[in-house]
Amino acid sequence: MSRTFPTVRTPRGPVPATAPAWNPQRGSDMPAHRYRPAHQRVEVPHTDRAWPAARIERAPLWVPVDLRDGNQALAEPMDTPRKRRLFDLLVAMGFKEIEVAYPSASRTDFDFVRHLAESDAVPDDVTVVVFTPARKELIERTFEAIDGLPRTVVHLYTATAPTWREVVLGRTRDEVHAMVRDAATLMARLADARPHADIRFQFSPEVFNLTEPDLVLEICNGLTALWDAAPDRPVTHNLPATVEIATPNVYADQIAYMHRHLARRDAVILSLHPHNDRGTGVACAELGLLAGAQRIEGCLFGNGERTGNVDLVTLALNLYTQGVDPMLDFSDLDTVRRTVEDCIRLPVHPRHPYAGDLVHTAFSGTHQDAIGKGFAHHARRAAELGVPEAEAPWDVPYLPVDPADLGRGYEAVIRVNSQSGKGGIAHLLHAHYGLDLPGDLRPEFSRTVQRATDDSGQELTPKDLWELFRSSYLAPGVDGPLTLGAWSAGEPTPGEHLVRCELGGGSDLRTYQGRGNGPLAAFADALAAAGHPVDITAYAEHATAAGPDSAAVAYVRCRIDGDTVWGAGQDTSVLTASVRAVLAAVNRAARARADRPGPA
């Protein structure tokens, strides 16, 4: 579908007659009439709305879906080693129910479930969740995957909302209900055939928040009976806001209705699965808990398709700041963040709640002054109470949580000028050259700039900064000890990428090839074949200007011989820029090794 997009146009419509004098906003030309409000798309049942007066006084059952829902949103899905590393992190943090895979979706997912079943990875008190659509052959494949697992929840889903029924499935309400019932019956039969396995069931009416409430209730109550749910063997009914369509109070009303009307309520775990399309996933989850939910699915730091799943880190630490034990360990949040970034190869935003590099930093002088006085007051109060500062009640301006509780130091708070310097360098490169340096690269490049200014005693211009960045991170990708000659990339079979390239020193080039689940993974495999193993742990790229002819810049963080090394590449081709970035990291690592003093 081809469309012509207009440039920005200042709204010129009339000021509404009912607008107050202090609000001169005018009507825009944007076609808001194309969209329907939530109350016209789905019936929202009325309740007495007791939930606004409720309080969250204990943590829900947290269920991370990073290994399934989060994984399917990645450009390069995790392989078994990365999945296992993330699974081990989730276990260490204290998660007791973990959705690990969609076993029938791919061999990688199936193999990971088998890896868990055939290893000692799953502790005695942890339950594995696997995901399946309502299709006979896929359900059977799922049960094949879980053979040998001690405790499993088999999670059945199908879309139930009218648009999905009509456009995607091509089925009526009754046909969808029958499809779910047939799938659930098969699941019960397959579980009965494994009497020594501990298998429970979960159902998700996908796009619950756009589905008629009577249909959801009818299906869920039918499954509760079919699966013979009991308090000591409950079923989970998971109610996803698959695509956010309304303010969070609407979702809370929908959850409250289900909470009040579900049959065998003491035998049902009522679960939430909010997405973040409107940016209110956290609010939906919190209000859903007030409305009666007991369990929440989401991802660490909110990874997921489109704008992501609800962020379990933010939700749990929001409880923490209210004095509620989240029953998860965030005492080393930077390690959690780095592990997740390495596994999913997506960065956590520097302004991300609680975990971002800048969230405990004040640039404003008035904020800095208030925080300094707050620290002093905190120390005095701890002394008055006769307790260590780490145990004294926390009440410091602008800091909703003590950074030390999350394993963070106070340097980012009190060394504001140092932080500001990093931000200033990044701002000048962005404003003058279109660069948007990844958060973890900024402090490293800032130290490079600091050495240059110390040596010269002069201020660096934007041009100086660019030249320093170019020589430090871009040049090694085209001029270094390891040379890249002719190369090509392709995808001979879906999901399998092949890179052929010439590598060597100077003009002495040899041909190598590598395979991987993405072109960079394949290039890394080729480098390993050439004797230069590299593990790409983070990746980012962007255009430096608007328009199809704009250059792209790619950044990679790599682990090489135990060291973390950054590289960057620039080209009108994103793939070429990415390959050069990896090569730059390899060459920077080689030069660093060569510059190290040898044994005396």
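By convention here, each chain's residues receive numbers from 1 onward along its written sequence. Where totals are concerned, whole chains, interfaces and linings use all residues; where local detail is concerned, this predicted model gives features only for residues with pLDDT of at least 70, and gives and counts side-chain atom pairs only at 80 or more. Computation of side-chain values covers all heavy atoms of the structure but excludes hydrogens and water.

Colleague: Report on the overall build of the protein, specifying residues and quantitative values.
Modeller: Elements are defined by DSSP. Helices are runs of H or I of four residues or more, strands are runs of E of two residues or more, and each kind is numbered from the N terminus. Helices and strands together make up the secondary structure of the protein, namely 19 helices and 14 strands. Each radius of gyration reported is based on C-alpha atoms, and the globular scaling rule is 2.2 Å times the count of residues to the power 0.38. For the protein, the C-alpha radius of gyration of 27 Å lies close to 25 Å, the compact-globule estimate for 600 residues. Over its C-alpha atoms, taken along the principal directions, the protein stretches across nearly 75 × 65 × 65 Å. Remark: exposure states derive from per-residue accessible area (1.4 Å probe, protein chains only) relative to the maximum for the residue type, with buried under 20%, exposed over 50%, and partly exposed in between. Looking at the 600 residues of the protein, the share that counts as buried comes to 48%. The accessible surface values rely on the Shrake-Rupley method and a 1.4 Å probe; as for residues, cover is taken only from the protein chains in view. In the structure as shown, the protein presents an accessible area of about 29200 Å², 51% of it carried by carbon and sulfur atoms. This count recognises Lys and Arg as positive and Asp and Glu as negative, with His and chain-terminal groups excluded. Each charge is placed at NZ for Lys, CZ for Arg, CG for Asp and CD for Glu. Here the protein contributes 61 positively and 77 negatively charged side chains, and the mean placements of these two sets differ by 3 Å.

Colleague: Give me the lowdown on the packing of helix α5 (residues 136-146) against helix α7 (residues 173-192), citing residues and values where you can.
Modeller: Each axis is a line fitted through C-alpha atoms, taken for helices only over the stretch in contact, and angles between the N-to-C directions span 0 to 180 degrees. Here α5 crosses α7 at 30°, and the two axes come no closer than 10 Å. Here α5 lies roughly parallel to α7, going by the angle between them. Here α5 and α7 pass one another in a crossing that is right-handed. Only Ala 183, Leu 186, Met 187, Leu 190 and Ala 191 of α7 make contact with α5, whose side of the interface consists of Lys 136, Ile 139, Glu 140 and Phe 143. Here the term charged refers only to Asp, Glu, Lys and Arg, the term nonpolar to Ala, Val, Leu, Ile, Met, Phe, Trp, Tyr, Cys and Pro, and the term polar to all other amino acids, Gly among them. A class-by-class count of the residues in the contact of α5 with α7 yields 7 nonpolar, no polar and 2 charged. Any angle from 65 to 115 degrees is called roughly perpendicular, while one under 35 is roughly parallel, one over 145 is roughly antiparallel, and all others are oblique. Crossing handedness is defined as follows: a turn of the near helix away from the far one that is anticlockwise and smaller than a right angle gives a left-handed crossing, while the clockwise case is right-handed. Contacts between residues were defined by any pair of non-hydrogen atoms, one from each residue, lying within 4.5 Å.

Colleague: Residue-level account of unusual backbone geometry, with values.
Modeller: Positive phi is not limited to glycine here, since Tyr 354 has a value of about 70°. Summarising the element assignment, Tyr 354 is placed in the loop between α12 (333-344) and α13 (365-385). Under the relative-accessibility criterion, Tyr 354 is labelled buried at 11%.

Colleague: Kindly report on the sheet that holds strand β10 (residues 496-505), identifying the contributing residues and their values.
Modeller: Whether two strands pair depends on DSSP finding at least two bridges between them. The antiparallel open sheet is built from 3 strands, whose spatial order is β9-β10-β11. Looking at the sheet topology across the chains shown, the edges are occupied by β9 (483-493) and β11 (508-516). Strand-to-strand twist across the sheet, computed as the mean angle between neighbouring axes with direction ignored, equals 15°. Sheet topology places β9 next to β10; 7 bridges connect them, and they run antiparallel.

Colleague: Account for the sheet that holds strand β12 (residues 535-543), with residues named and values stated.
Modeller: Each strand in a sheet pairs with its neighbour through backbone hydrogen bonds, running either in the same direction (parallel) or in the opposite one (antiparallel). Spatial ordering of the open sheet is given by β12-β13-β14, a layout of 3 strands whose pairing is antiparallel. At either margin of the open sheet sits one strand with a lone partner, and together these are β12 and β14 (563-571). Going across the sheet, the axis of each strand differs from the next one's by a mean of 15°, ignoring polarity. This element, helix α17 (residues 462-474), spans β13 (552-560) and β14 of the sheet and lies at about 115° to β14.

Colleague: Tell me about helix α18 (residues 519-529), and please be specific about residues and values.
Modeller: Those residues of α18 lying buried are Leu 520, Ala 522, Phe 523, Ala 524, Ala 526 and Leu 527. Against the buried residues of α18 lie β9, β10, β11, β12 and α19 (574-595). Just downstream of α18, Gly 531 is the residue with a positive phi angle, here 90°.

Colleague: Would you mind going over the state of the cysteines in detail, with residue names and values included?
Modeller: By definition, a disulfide links the sulfur atoms of two cysteines through a covalent bond. Disulfides are defined in this document as cysteine sulfur pairs within 2.5 Å. Scanning all chains against the criterion turns up 0 disulfides. The thiol of Cys 299 is not disulfide-bonded; the next cysteine sulfur, from Cys 343, is found 13 Å away. Taking relative accessible area as the criterion, Cys 299 reaches 0% and is therefore assigned buried.

Colleague: Kindly report on the UniProt feature "binding site: Mg(2+)" (unreviewed entry) in the protein, identifying the contributing residues and their values.
Modeller: UniProt positions are given in the numbering used here, feature names are shortened, and annotations may be inferred rather than shown by experiment. As recorded in UniProt, the feature "binding site: Mg(2+)" (unreviewed entry) lies at Asp 69, His 273, His 275 and Asn 309. On the basis of their most widely separated C-alpha atoms, the annotated residues across 241 residues gather in one place, lying no more than 10.8 Å apart. Mapped onto the secondary structure, Asp 69 falls in helix α2 (residues 66-70). When its relative accessible area of 4% is taken as the criterion, Asp 69 is described as buried. Beyond its immediate chain neighbours, meaning those up to four positions away, Asp 69 contacts Glu 99, His 273, His 275, Glu 305 and Asn 309.

Colleague: Describe the packing of helix α16 (residues 441-456) against α17, listing the residues and the values that go with them.
Modeller: At a minimum axis separation of 11 Å, α16 and α17 run at an interaxial angle of 115°. In terms of their interaxial angle, α16 and α17 are classed as roughly perpendicular. Crossing hand, α16 versus α17: right-handed. Note on element contacts: α17 touches α16 through Leu 465, Leu 468, Phe 469, Ser 472 and Tyr 473, opposite Leu 441, Glu 444, Phe 445, Thr 448, Val 449 and Ala 452. Considered class by class, the residues forming the contact of α16 with α17 number 8 nonpolar, 2 polar and 1 charged.

Colleague: Before we move on, could you go through the UniProt feature "domain: Pyruvate carboxyltransferase" (unreviewed entry) in the protein and cite the residues and values that matter?
Modeller: Mapped onto this numbering, the UniProt entry gives "domain: Pyruvate carboxyltransferase" (unreviewed entry) at residues 60-334. The span residues 60-334 carries 43% helix and 19% strand; its end-to-end C-alpha distance comes to 24 Å.

Colleague: Talk me through the pairing of strand β3 (residues 127-133); I want residue IDs and the actual numbers.
Modeller: Side-chain direction in a regular strand flips from residue to residue, so the side chains alternate between the two faces of the sheet. Taking burial as the measure, the 7 residues of β3 include 7 buried ones, the bulk of the element. Residues Thr 127, Val 129, Phe 131 and Pro 133 of β3 are buried on one face, and the alternating residues Val 128, Val 130 and Thr 132, pointing to the opposite face, are buried as well. With 4 bridges joining them, strand β2 (residues 97-101) and β3 adopt parallel strand pairing. Each residue of the ladder has a partner; that of Ile 98, found in β3, is Val 128. Chirality of the crossover, the property in question, places the unit of β2, helix α4 (residues 107-117) and β3 among those that are right-handed. Looking down the strands as they point away from the viewer, one classifies a crossover as right-handed if the path from the first strand across the helix to the second runs clockwise. Between the parallel pair β3 and strand β4 (residues 151-159), the chain is carried across by α5, and the sense of this crossover is right-handed.

Colleague: Describe the pattern of salt bridges, listing the residues and the values that go with them.
Modeller: Every case where a carboxyl oxygen of Asp or Glu lies within 4 Å of a side-chain nitrogen of Lys or Arg is listed as a salt bridge. The tally for this structure, following the rule as stated, stands at 36 salt bridges. With its nearest N and O atoms 3.8 Å apart, the salt bridge here joins Arg 68 to Asp 69. The closest approach of N and O atoms between Asp 342 and Arg 557, which form a salt bridge, is 2.6 Å. Linking Asp 342 in helix α12 with Arg 557 in strand β13, this pair joins segments that are 215 residues apart in sequence. Classification of Asp 342 as buried rests on a relative accessible area of 11%. The structure contains a network of salt bridges with shared partners spanning Arg 85, Arg 337, Asp 342, Arg 345, Asp 357, Asp 440, Asp 535, Arg 557 and Arg 559.

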